Amino acid sequence: MNIVLRWVDPTDQSLIDRIVQLADRNKATLGPMPRGAFPEFALQRTLLAATTGSESEVAGYALFASALGRIRLIHLCVREESRRQGIAKLLVDEVSRHYSHLPGIRVRCRSDYAAKDAWPALGFTAMNEVAGRGKDGSTLVVWWKSHGLPDLFNVDDEATTALTVAIDHNIFLDLAVHRNRPGASESQYLEADWLASQLQLSLTPETFNEIHRLGDASERRRQRSAATKFPLLNPSTDSFERHLADLQANIPELRPQHDSDVKHIAYAAASGATIFVTRDTELIEIAGDAASSSGVRVLRPSDVVPHLEELRDAFRYRPAALRGTEYTVEDLPAGSENELRSLIDMAGGERRAAFAALLRSLASSPSIRHKAARAPSGDIVATWAHEATRDAIVVPLLRHTRHSLASTIIRLILAEMRRTAVSLGAPRIVITDSHVSAACREALSDDGYILSGGTYVASVLDIRDADDALRALDLRHPLHNEVALARRTDSPAVTAALEHFLWPAKILDASLPSYIVPIQPRFALELFAMQDTLWARDPLLGISPEHVYYRSARMNPSAPARILWYASGTGRDRIGGVVACSQLVQVVVDEPRVLHRRYKHLGVYRLVDIQNSGKGSHATALRFRDTERFDRPVTFERLRELAGNRRMGTLQSPTMISAEHFGAIYNEGTRRGAR
């Protein structure tokens, strides 16, 4: 049989219909998937079809998502008459080839399915077993196919933070009370086994008010009993009322029948939930924008699945939500113990006496700085302490409250610790707090920390080549062999991962492209904290560790790469030099409205800014991380001098430069050579 692999075009309705038909025939093992999700996955280039030579028949397909920097395989399906012909392997291998820059592919499969025997033949290894969501108490096996890249994550994502999803009364009825009523099947997509660790479906107090208004006493009892099986969001009254007033003031033509719906959204916003799910299309239309301003996306159940990774991404890190607010950072004085009582890890077995003793030890040591981040309300949302020793920054305390921006604030704290370590010449950061949260552990993994002897350790290497990195890393360090491999192989993805995990390391003798990218001065001032903005005023927020910049859809750099930001020398805010460097992680070309929806949680851009950045119907989003602002701009004239005999253009568009040229510019801008 002649098999052709095709990335599915979202406009090819005929092919999508045939894939949906194949999925429906195998729904018993694949699990539910909304029909409308397939074109969305195709649009994201995460739907791959295997067709026969005539392309009239679909022999199989792979449907997947990019999650936490890896591939999550959701469906791998081959029609019955085409099985045992190597089609599944063709699909998996093509996904691996196309996404070889990511560490690998993860899939979960029930242990009682026959397919469990096929995964080893496809290159997967059984790494773990976790409980499924099914009522039959099924067990899911976590399978992993490695692409051979540095990966400091736990292969299973059980430690990651599930998205808190608030559901309205009708979704609750669909899931727990009247499962066979019309339309209920759409809500039941949220119960798929593979979503078990991704979503925490929760009720708001308004659900109980809606139950109370029912006329039938037996139905009230039935629904209250069912409601006890869901987590309940329970924010403070002040926070709820504040969000409710904002929503009521900003929703046009608010009708009485939507009073309860708006209260659901207000409870969600006040509790830190980022998603509210409803089947009420009218509510989505009239309240969607106002809810988004409160940090809540209002979606149909069928829209959650194809946009899950986008939603997780926005939840993980949302610096835009801090802009223009009154979050503050302060040194925490002795005698603040009462304010920190809510941070005791009771679920993890921490005793009050032990926590109190830790706080006393922090207060009694003059070399330890104990800091706190406060919300506009004055409440502490995070606290941490650090001490600079001869060879490390030691962090005995890193805690946060249950707060909608906790993950964002933790990541900002970790970025500030990295900058502090660089400024002090400390080669390591050691976190000794044994009660860090799941959100903290996820952030630590993202930032290159390894768990060693009960502590989390990050290497902070100010080096310029592989030999220096190898000398700095212990032979037992998980990345030691990876550094040696990076120099021997042509893998930009490996080098990029290493430079991120070991930041500010620059392994210039390993494969990774370098570019000079022009940026408008007004955006350089904002993105890189070069003027009196929120980011520059506050020592916590500093330079955002992850950001996005928009430009025209033509002549784009490739990712991953190192980039030097050249702020032009014309206009009111003229600079005329390279002002910062970053690591480019993603280049996406799309319509401005799509890019704005996808990345607005990261940036300072309005939709009109993105529309103006492109020429025509599309624009480019350059997503970058690990930005380091230069002590002084490296002027255009100096760039030419540092280039030596190498030619350099006018820098009107992204310009590739050599690693040696990058290193010379970087050393000059930071005023640091390799240490």
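Reading the values: rules and limits
- Residues numbered from 1 in each chain as written.
- Predicted model: local features only at pLDDT ≥ 70, side-chain atom pairs only at ≥ 80, totals over all residues.
- Heavy atoms only, no water.
- Helix = DSSP H or I, 4+ residues; strand = E, 2+ residues; numbered from the N terminus.
- Rg over C-alpha atoms; globule rule 2.2 N^0.38 Å.
- Buried < 20%, exposed > 50% of the residue type's maximum accessible area, 1.4 Å probe, protein only.
- Contact = heavy atoms within 4.5 Å.
- Areas by Shrake-Rupley, 256 points an atom, 1.4 Å probe, with all protein chains shown as cover.
- Disulfide = S-S within 2.5 Å.
- Axes fitted to C-alpha atoms, helices over the stretch in contact; angles between N-to-C directions.
- Parallel < 35°, antiparallel > 145°, perpendicular 65-115°, else oblique.
- Left-handed = near helix turned anticlockwise from the far one by under 90°.
- Nonpolar A, V, L, I, M, F, W, Y, C, P; charged D, E, K, R; others polar.
- Arc of directions from axis to C-beta.
- Pairing = 2+ DSSP bridges.
- Core = buried A, V, L, I, M, F, W, Y, C linked by side-chain atoms within 4.5 Å.
- Salt bridge = Lys/Arg side-chain N within 4 Å of Asp/Glu carboxyl O.
- Polar contact = N/O pair within 3.5 Å; in protein donor to acceptor, adjacent residues only side chain to side chain.
- pLDDT = per-residue confidence, 0-100.

Examining the overall build of the protein
Part 1 of the reasoning: Within the protein one finds 25 helices and 24 strands.
Part 2 of the reasoning: Expected size for 675 residues packed as a compact globule is a radius of gyration near 26 Å; at 26 Å, the protein falls within 12% of this value.
Part 3 of the reasoning: Over its C-alpha atoms, taken along the principal directions, the protein stretches across nearly 80 × 70 × 50 Å.
Part 4 of the reasoning: Burial analysis of the protein (675 residues in total) assigns 57% to the buried set.
Part 5 of the reasoning: Across the protein, contacts joining residues at least 24 apart in sequence account for 70% of those joining residues at least 6 apart.
Part 6 of the reasoning: As displayed, the protein offers around 28900 Å² of accessible surface, 47% of which is attributable to carbon and sulfur atoms.

Points about the state of the cysteines
Think of a disulfide as a covalent bridge from one cysteine sulfur atom to another cysteine sulfur atom.
Part 1 of the reasoning: Counted according to the given criterion, the structure contains zero disulfides.
Part 2 of the reasoning: This cysteine, Cys77, is not joined by any disulfide, and Cys109 carries the nearest cysteine sulfur, 12 Å off.

Examining the packing of helix α9 (residues 237–250) against helix α10 (residues 259–271)
Part 1 of the reasoning: Their axes nearest at 8 Å, the elements α9 and α10 cross at an angle of 130°. One element, α9, and the other, α10, form an angle in the oblique class. For the pair α9 and α10, the crossing hand works out as right-handed. Every residue of α10 that contacts α9 at Ser239, Phe240, His243, Leu244, Leu247 and Gln248 is listed here: Val262, Lys263, Ile265, Ala266, Tyr267, Ala269 and Ala270.
Part 2 of the reasoning: Tallied by class, the residues present in the contact of α9 with α10 amount to nine nonpolar, three polar and one charged.

A look at helix α24 (residues 636–643)
Part 1 of the reasoning: When we look at burial in α24, the residues that qualify are Phe636, Leu639, Leu642 and Ala643. Around the axis of α24, the buried residues are gathered within 120° of arc, so they sit on the same side. Those residues of α24 that are exposed and angled more than 90 degrees off the buried face are Glu637 and Glu641.
Part 2 of the reasoning: In the stretch just after α24, Gly644 is the one whose phi turns positive, near 65°.

Notes on the sheet that holds strand β22 (residues 577–590)
Part 1 of the reasoning: Here we have six strands laid out as an open sheet, ordered β20-β23-β22-β21-β19-β24, and mixed in their pairing. Looking along the sheet, the strands with just one partner apiece sit at the ends: β20 (546–552) and β24 (655–657). Within the sheet, the average angular offset between the axes of one strand and its neighbour, ignoring direction, is 40°.
Part 2 of the reasoning: In terms of strand pairing, strand β19 (residues 514–519) meets β24 through three bridges, oriented antiparallel. Residue pairing in the sheet places Tyr515 in a bridge with Met656 of β24.
Part 3 of the reasoning: Across the face of the sheet, α24 comes into contact with β19, β21 (561–567), β22 and β23 (619–635) while running at roughly 90° to β23.

Concerning the nonpolar core
Part 1 of the reasoning: The biggest cluster of nonpolar side chains holds 60 residues, and the ones touching the most others in it are Leu398 and Trp565.
Part 2 of the reasoning: Leave out the neighbours within four places in its chain, and Leu398 touches Thr383, Trp384, Ile410, Ile413, Leu414, Ile431, Asp433, Val436 and Cys440.
Part 3 of the reasoning: If you look at the next biggest cluster of nonpolar residues, it comprises 48 residues, including Leu30, Phe38, Leu201 and Ile211.

Description of the pattern of salt bridges
Part 1 of the reasoning: Under the defined criterion, the tally for this structure stands at 37 salt bridges.
Part 2 of the reasoning: Taking the shortest distance from any N to any O, the salt bridge between Arg255 and Glu282 comes out at 2.8 Å. In this pair, Arg255 sits in the loop between α9 and α10 while Glu282 sits in helix α11 (residues 281–293), placing the two residues 27 residues apart along the sequence.
Part 3 of the reasoning: When its relative accessible area of 39% is taken as the criterion, Arg255 is described as partly exposed.
Part 4 of the reasoning: Of the residues examined, Glu282 reaches a relative accessible area of 29% and is grouped as partly exposed.

Notes on the side chain of Ser302
Part 1 of the reasoning: With respect to the helices and strands, Ser302 occurs in helix α12 (residues 301–304).
Part 2 of the reasoning: Here Ser302 falls in the buried class, since its relative accessible area comes to 17%.
Part 3 of the reasoning: A polar contact is formed between the side chain of Ser302 and the side chain of Glu186, at a distance of 2.9 Å.
Part 4 of the reasoning: Sequence-distant contacts of Ser302, defined by excluding residues within four places in its chain, comprise Pro34 and Glu186.

Remarks on the pairing of strand β8 (residues 163–167)
Part 1 of the reasoning: With five of its five residues buried, β8 lies for the most part within the structure.
Part 2 of the reasoning: Covered by surrounding structure in β8 are Leu163, Val165 and Ile167 together with Thr164 and Ala166, the residues of both alternating faces.
Part 3 of the reasoning: The sheet contact formed by β8 and strand β9 (residues 199–202) spans four bridges and is parallel. Bridge pairing links Leu163 to Leu199 in β9.
Part 4 of the reasoning: As paired elements, β8 and strand β10 (residues 275–277) share three bridges and run parallel to each other. Pairing of Val165 across the sheet is with Ile275, part of β10.

Structural notes on the confidence of the model for the protein
Part 1 of the reasoning: Confidence in the prediction of the protein, expressed as mean pLDDT, is 86, and 92% of residues score 70 or more.
Part 2 of the reasoning: Long-range and interchain partners of residues 153–159, a stretch whose pLDDT sits below 50, account for 24 contacts in this model, where long-range means more than four residues apart.
Part 3 of the reasoning: Residue range residues 531–539 is modelled with pLDDT below 50. Its contacts to residues more than four positions away, or to other chains, number 23 contacts.

Side note on the sheet that holds strand β11 (residues 297–299)
Part 1 of the reasoning: One open sheet accounts for four strands, arranged β9-β8-β10-β11; its pairing is parallel. Both edges of this open sheet fall to β9 and β11, since each of them pairs with a single strand only. Going from strand to strand, the sheet's axes swing by 30° on average, the running direction of each strand aside.
Part 2 of the reasoning: Where β10 lies against β11, three bridges are found, and the strand directions are parallel.

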